[in-house]
Amino acid sequence: MTSEANVTRRRHMAQWGAFEAVVENGRFVAAEPFADDPEPSDILQAMPESVYHRSRIDRPHVRQGFLERGPDSRAGRGADPYVPVSWDRALDLVADELARVKAAHGNEAIFAGSYGWASAGQLHHSKTVLQRFMGFHGGYVGQMGSYSVAAALAIVPHVTGDAAATAGPITSWESIIAECGLVVAFGGLPMRNDQVGTRGVGEHRLGGYLARAHAAGCRFVNVSPVRADMSETVEPEWLAIRPNTDTALMLGLAHTLASEGLADRDFLASHCHGYDRFEAYLLGRNDGQPKDAAWAAALTGLEAPAIRDLARRMAATRTMVTASWSLQRGDHGEQPFWMLITLAAMLGQIGLPGGGFGLGYGSIAGMGGVRRPVGLPTLPRPENQVRNSIPVARIADMLLDPGGAYDFNGAARRYPDIRLVYWCGGNPFHHHQDLNRLVEAWRRPETIVVHEPWWTATARHADIVLPATTSLERNDVGGGQRDRYLFAMQQAIEPVGEARNDFDIFAGLAERLGFAEAYDEGRDEMGWIEHLYEVTRQQAAGAGVSWPDFETFWRTGHTESPEAETPHVLFAAFRADPEAHPLRTPSGKLEIHSPTIESFGYDDCPGMPTWLTPTEWLGAAAAARHPLHMLSSQPGGRLHSQLDQCAVSRAGKVADREPIVLNRADAAARGIAEGDVVRVFNDRGQVLAGAVLSDGIRAGVVQLSTGAWYDPETPGEIGSLDKHGNANVLTLDKGTSRLAQGPSAHSALVEVERITGEPPAVTAFDPPPAAAE
Ligand SMILES: Nc1nc2c(c(=O)[nH]1)N[C@H]1C(S)=C(S)[C@@H](COP(=O)(O)OP(=O)(O)OC[C@H]3O[C@@H](n4cnc5c(=O)[nH]c(N)nc54)[C@H](O)[C@@H]3O)O[C@H]1N2
Ligand SMILES: Nc1nc2c(c(=O)[nH]1)N[C@H]1C(S)=C(S)[C@@H](COP(=O)(O)OP(=O)(O)OC[C@H]3O[C@@H](n4cnc5c(=O)[nH]c(N)nc54)[C@H](O)[C@@H]3O)O[C@H]1N2
Ligand SMILES: [Mo]
């Protein structure tokens, strides 16, 4: 006899969408998309599997070598088995290490930048909780900027006065739909990337926006090595550009505008600083090389007439010029964004409805969408007493070169000497470039502590591993950074295994270190959630929006804010009256030439947008040995490395490996057939991947998405073959320039060959070997 299943539903949200968690007899069995989400993501379907997957960490673990020999065992990271221990023992160990390192070396020896996306939910936001805790411990070395837009966050404020053009709010899709005739999208507008939003998503709308713009007569141009970067519903024109040459194409377009009398000289005079100096470079007055369409064609692999024709069409209609964030995640990534703003300035439509430019349409959910009137509720962090944060992507440089000098955005700085690394809510063995170099750098610190729900590569390279809950196992309040909803995130299930909330783990450490009261302020989980909601509700009231009391909010499960009556237009006020509404740049205008940047004297980021050849691209000498340019784009079936172990992501694998997309001609030249396991390699590393052949990718370019769990054949060994296809084994670990020091992930040359014989099995999703003491 079977009894009726006991079914409950809990409102919840993730960074790929809001949902109702269906719980049967205490077990999370399904995620049903939020009814108001018009285009829910399939990634939601991975959640129940992920929560109970064998890759969950069931209890605290300590690396065997660390237990036996402490920091002297550092070379065993990645290779040693793990010993399960009790929570008390694990927390005592961590507290002792934190106290020891602080006493012996000071807080500047503790690294808690902890970059990473963690999970949705504002109280339990891993990095914030960690940094709140570390603030009370006396401070830590942090990280500045993000892997997403590091180069943009440095360059865009110099040019436009702030970061809005790249972080948002940018000109809304409603304005584009109403007024725009032509969207020229560098890097496309991939639907794939709209599935995910920072801190969460209430509604996905890109598909609807694109369909409406197309129906309204707007034309779309996809400037990308990959055809699928734009939805077929908009019947796009495809310009299959050579990677990392967008700056050259934009210069070629600009040259046509300047030389054919199509540049808006009035706008350049009234709203821009330094166009004349730029024009001298553009026309080749100083170096004898006009940056004309023929010059651009040779660099970009496009046809000169097509470049001239596009420039004329852009000048003839209301045009929106966009770039996906990927363009600035390459060597000299500052330049394409600076040049794009310059190109839009020459068209003279900045600040007009549906025209001008925007950076990040199609990069992430909510760009150009509807927003909440106020920011997200946030757990407060004490001021960090350590002032020596590093640019986000310089982690390996820092560990390999303590005390080393580097430049950053006009400042001369030095790397700290890190003894203890604490990571909570991020996966550097996913996100960082040149993983073999990271394996080496990771041997330097004395102690590495990681909180993780799953046995990721980062957890497998830690000394002390503390199992964290997933968001389903706790209560929270959350919303997307670019979304109009705020959600109650109701606990659906009991913690899996011995997992604890990050917040509670730090409470246990704060207790041991003597600052428990300061850390939790006497509030429990629901006390904090109600407090954070109330603070935000009052801010909303100040902005004229009335939200329900906490009890009503928690019961209904969300608040929502209405769509504005007039669509947002970036720089509208500045355009209307640049004297009354100057930009926050030194000149108050758009800086096509920046005296500030010029004063830094950086050869890799001069005072105006410039074509600088990347270290690795198809025109480089290195292309003789490694003739394929690898794009490591965002994955379709997961968020970064998250959920790679689940069926939604695994469905895309080829022979269990991450798929690599090759042009048919490149595959034929190498005797590679669809479905073959191939070795992808360069001087930095080697991975196995599964071949997918396509006509939708430019010849000479391959695409291997990020996020396949790093799976070295010989764990801990530098240069070991990654069996699974992690793109970052192959990428270049170099700052974009001395200005931003951003990641250059999209500048990597590789070679691909078919392997013969049976490939080794993928073991990334199995827990590491266990040991007894
Ligand atoms: N080659 C290449 N590399 C790239 C990029 C690229 O384009 N090319 N893109 C870069 C970009 S834009 C980004 S944003 C980064 C992303 O890099 P990350 O943000 O580091 O990637 P995630 O896989 O999201 O890692 C988040 C980790 O947090 C863990 N986690 C989730 N919830 C919790 C929790 O509640 N508590 C704790 N303690 N942990 C939790 C997850 O299991 C996961 O391991 O990657 C960058 N790397
Ligand atoms: N499904 C899913 N969506 C995501 C994420 C995810 O992990 N999964 N991650 C999210 C995060 S954290 C971020 S920061 C954003 C990132 O958003 P983006 O940076 O926009 O994403 P990418 O996929 O790296 O790149 C977009 C496209 O740019 C093209 N491209 C690459 N290099 C070049 C180039 O040199 N020139 C031109 N013209 N095109 C180029 C590639 O073909 C690629 O498909 O994505 C977000 N969205
Ligand atoms: Mo990102």
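Our subject is the structure that appears above.
Below you will find a few notes about this structure. These figures come from a predicted structure and were not determined experimentally.

Structural notes on the environment of Thr-731
Logical step 1: When you line up the elements, Thr-731 lands in the loop between β28 (701-704) and β29 (749-754).
Logical step 2: A C-alpha to C-alpha distance of 8.4 Å links Thr-731 and Met-630, two positions 101 residues apart in sequence.
Logical step 3: Look past the residues within four positions of Thr-731 in its chain and what remains in contact with it is Gln-433, Asp-434, Met-630, Ser-632, Arg-684, Ala-745 and Ala-748.
Logical step 4: At 2.7 Å, the side chain of Thr-731 forms a polar contact with the side chain of Asn-728.

Description of the pairing of strand β13 (residues 356-359)
Logical step 1: Side-chain alternation along β13 places Gly-356 and Gly-358 on one buried face and Phe-357 and Leu-359 on a second face that is also buried.
Logical step 2: Two strands pair when backbone bridges link them, and strand β12 (residues 319-323) and β13 are joined in this way by four bridges, in the parallel orientation. Each bridged residue has a counterpart across the sheet, and for Thr-322 the counterpart in β13 is Gly-358.
Logical step 3: Read as a crossover between parallel neighbours, the route from β12 over helix α14 (residues 334-347) to β13 is right-handed.

Topic: the site of ligand 1
Logical step 1: In the vicinity of ligand 1 there are 36 residues, among which Ser-119, His-431, Glu-452, Ser-641 and Asn-728 approach most closely.
Logical step 2: For ligand 1, an oxygen atom lies 2.9 Å from a polar atom in the side chain of Gln-634.
Logical step 3: Protein contacts shield 99% of the accessible area of ligand 1, which totals 920 Å² for the unbound molecule.
Logical step 4: For the shell around ligand 1, the secondary-structure elements that each account for two or more residues are α16 (428-431) and β18 (447-452).
Logical step 5: By residue class, the composition of the shell around ligand 1 is ten nonpolar, 22 polar and four charged.

What about unusual backbone geometry?
Most peptide bonds take the trans configuration, and most residues that are not glycine carry a negative phi.
Logical step 1: For the bond running from Gly-168 to Pro-169, omega is -5 degrees, close enough to zero to count as cis.
Logical step 2: In the Ramachandran plot, Glu-235 falls in the positive-phi region, its phi being about 45 degrees despite a non-glycine side chain.
Logical step 3: Residue Asn-409 is not a glycine yet carries a positive backbone phi of 50 degrees.
Logical step 4: Mapped onto the fold, Asn-409 is located in the loop between β15 (405-408) and β16 (411-414).
Logical step 5: The class of Asn-409 is partly exposed, set by a relative accessible area of 27%.

Topic: helix α9 (residues 246-259)
Logical step 1: Look at α9: 20 Å from first C-alpha to last across 14 residues, which is about the 20 Å you get at 1.5 Å a residue.
Logical step 2: When you tally the buried positions in α9, you get 13 out of 14 residues, the bulk of the element.
Logical step 3: Of the residues one or two after α9, Gly-261 is the one with positive phi, at around 70 degrees.

Some points on the site of ligand 2
Logical step 1: Around ligand 2 there are 31 residues in total, and Asp-229, Asp-246, Arg-329, Ser-363 and His-640 lie nearest to it.
Logical step 2: In the environment of ligand 2, a nitrogen atom lies 2.9 Å from a nitrogen or oxygen atom belonging to the backbone of Arg-638.
Logical step 3: His-746 has a polar side-chain atom sitting 3.3 Å from an oxygen atom of ligand 2.
Logical step 4: For ligand 2, whose accessible area on its own is 920 Å², the fraction buried by protein is 99%.
Logical step 5: Class assignment for the residues of the shell around ligand 2 results in twelve nonpolar, 14 polar and five charged.

A few points about the packing of helix α5 (residues 150-160) against α14
Logical step 1: Packing of α5 against α14 leaves a shortest axis separation of 9 Å and a crossing angle of 30 degrees. One finds that α5 runs roughly parallel with respect to α14. You can see that α5 and α14 cross each other, and the crossing is right-handed. Note on element contacts: α14 touches α5 through Glu-334, Phe-337, Trp-338 and Ile-341, opposite Ala-151, Ala-152, Ile-155, Val-156, Val-159 and Thr-160.

Thoughts on the packing of aromatic side chains
Logical step 1: Under the definition given, this model contains 31 aromatic pairs.
Logical step 2: Aromatic side chains Tyr-82 and Trp-455 sit 5.1 Å apart centroid to centroid with 50 degrees between the ring planes, which places their arrangement in the tilted category. Of this pair, Tyr-82 sits in strand β5 (residues 82-84) while Trp-455 sits in the loop between β18 and β19 (464-467), and the two are 373 residues apart along the sequence.
Logical step 3: Relative to Tyr-147, the ring of Tyr-115 lies with its centre 5.0 Å away and its plane at 50 degrees, an arrangement referred to as tilted. Taken together, the positions of Tyr-115 in the loop between β6 (110-111) and α4 (126-137) and Tyr-147 in the loop between β7 (143-144) and α5 put the pair 32 residues apart, joining distant regions of the chain.

Remarks on the environment of Asn-726
Logical step 1: Along the polypeptide, Asn-726 turns up in the loop between β28 and β29.
Logical step 2: Taking the relative accessible area as the measure of exposure, Asn-726 reaches 2% and is therefore buried.
Logical step 3: Sequence spacing of Asn-726 and Asp-711 is 15 residues, and the spatial spacing of their C-alpha atoms is 7.9 Å.
Logical step 4: Discounting chain neighbours no more than four positions away, the residues touching Asn-726 are Phe-429, His-430, Leu-435, Val-687, Ala-708, Trp-709 and Tyr-710.

Definitions and limits used
- Residues numbered from 1 in each chain as written.
- Chains lettered and ligands numbered in written order.
- Predicted model: local features only at pLDDT ≥ 70, side-chain atom pairs only at ≥ 80, totals over all residues.
- Heavy atoms only, no water.
- Helix = DSSP H or I, 4+ residues; strand = E, 2+ residues; numbered from the N terminus.
- Contact = heavy atoms within 4.5 Å.
- Polar contact = N/O pair within 3.5 Å; in protein donor to acceptor, adjacent residues only side chain to side chain.
- Buried < 20%, exposed > 50% of the residue type's maximum accessible area, 1.4 Å probe, protein only.
- Pairing = 2+ DSSP bridges.
- Right-handed = clockwise from strand over helix to strand, strands pointing away.
- Near = heavy atom within 4 Å.
- Areas by Shrake-Rupley, 256 points an atom, 1.4 Å probe, with all protein chains shown as cover.
- Nonpolar A, V, L, I, M, F, W, Y, C, P; charged D, E, K, R; others polar.
- Expected span 1.5 Å × (residues − 1).
- Axes fitted to C-alpha atoms, helices over the stretch in contact; angles between N-to-C directions.
- Parallel < 35°, antiparallel > 145°, perpendicular 65-115°, else oblique.
- Left-handed = near helix turned anticlockwise from the far one by under 90°.
- Phe/Tyr/Trp six-rings, centres within 6.5 Å; stacked < 30°, edge-to-face > 60°.

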